[in-house]
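Architecture and fold: a report
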Amino acid sequence: VQLVESGGGLVQPGGSLRLSCVGSGFTFSIYAMGWYRQAPGKQRELVAAITSGGSTNYADSVKGRFTISRDNAKNTVYLEMNSLKPEDTAVYYCNAYLIGPGLRPYDYWGQGTQVTVSS
């Protein structure tokens, strides 16, 4: 199983970035996918998630600015980030999650991509 994130970088406040995460080695379409972030000295937090059926939810801090989407044909989940703020600076991680038969959890993580918002 692999999750490979890309698209991070340095951006000025008010700017935009699009993160991508490509999954392999598992049945991507049946997994819920999420983006988490971890800033220095802080706990990892959920930013946005999308179910296998396409339902989405967002952290209050990013509602109206970030959009999560998925393309099952490409085994890819995206995070479109607009109106970026310095407090969005963090390492962003892709997550794949499924509760399988017998309630066994399947929980996979990418290696993370750095997003820095600074002038």
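Further up the page is the structure itself.
These numbers were taken from a predicted model, which means no experiment stands behind them.

**Brief notes about the overall build of the chain**
- On a plain count of helices and strands, the chain comes out with zero helices and eleven strands.
- Relative to the globule expectation of 14 Å for 119 residues, the C-alpha radius of gyration of the chain, 14 Å, shows essentially globular dimensions.
- With the principal axes as the frame, the chain shows a C-alpha extent of 50 × 30 × 25 Å.
- Going through the 119 residues of the chain one by one, you find that 39% of them count as buried.
- Counting only carbon and sulfur atoms, one obtains 49% of the accessible surface of the chain, whose full area is about 6200 Å².
- Averaging the positions of the 10 positive and the 8 negative side-chain charges in the chain gives two centres separated by 2 Å.

**Here we look at the environment of Gly25**
- Mapped onto the elements of the fold, Gly25 is located in the loop between strand E3 (17-24) and strand E4 (32-38).
- The exposed category is assigned to Gly25, whose relative accessible area is 67%.
- The spacing of Gly25 and Gly110 is 85 residues in sequence and 13 Å in space, taken between C-alpha atoms.

**Some points on the packing of aromatic side chains**
- All told, the structure shown has five aromatic pairs when counted by the stated rule.
- By way of ring pairs, the aromatic residues Phe26, Phe28, Tyr31 and Tyr108 are connected into one cluster.
- Note that Arg18 overlies the ring of Tyr78, its terminal NZ or CZ placed 4.0 Å from the centroid.
- One cation-aromatic arrangement involves Arg44 over Trp109; the distance from NZ or CZ to the ring centre is 4.7 Å.

Rules used throughout
- Each chain has its residues counted from 1, following the order in which its sequence is written.
- In view of the model being predicted, local features appear only for residues whose pLDDT reaches at least 70, and side-chain atom pairs are presented and counted only at 80 or more, with totals across whole chains, interfaces and linings using the full set of residues.
- The basis for every side-chain value is the complete set of non-hydrogen atoms in the structure, without hydrogens or water.
- In this text, helices come from DSSP runs of H or I with a minimum length of four residues, and strands from runs of E with a minimum of two, each type numbered from the N-terminal end.
- Atoms considered for the radius of gyration are the C-alpha atoms alone. The globule rule reads 2.2 Å times the number of residues to the power 0.38.
- Partly exposed describes any residue whose relative accessible area lies between the buried limit of under 20% and the exposed limit of over 50%, with all areas from a 1.4 Å probe on protein chains only and scaled to the type maximum.
- To be clear on the numbers: accessible area is Shrake-Rupley with a 1.4 Å probe, and residue cover counts the displayed protein chains and nothing else.
- Counted charges follow a simple rule, with Lys and Arg positive, Asp and Glu negative, and His plus the chain ends left uncounted.
- Just so you know, the charge point we use is NZ for Lys, CZ for Arg, CG for Asp and CD for Glu.
- Two aromatic rings, drawn from Phe, Tyr or Trp (for Trp, its six-membered ring), form a pair once their centres lie within 6.5 Å of each other, and the interplanar angle then sorts them: stacked below 30 degrees, edge-to-face above 60, tilted otherwise.
- Two thresholds decide whether a charge sits over a ring: the Lys NZ or Arg CZ must be within 6 Å of the ring centre and within 35 degrees of the ring normal.

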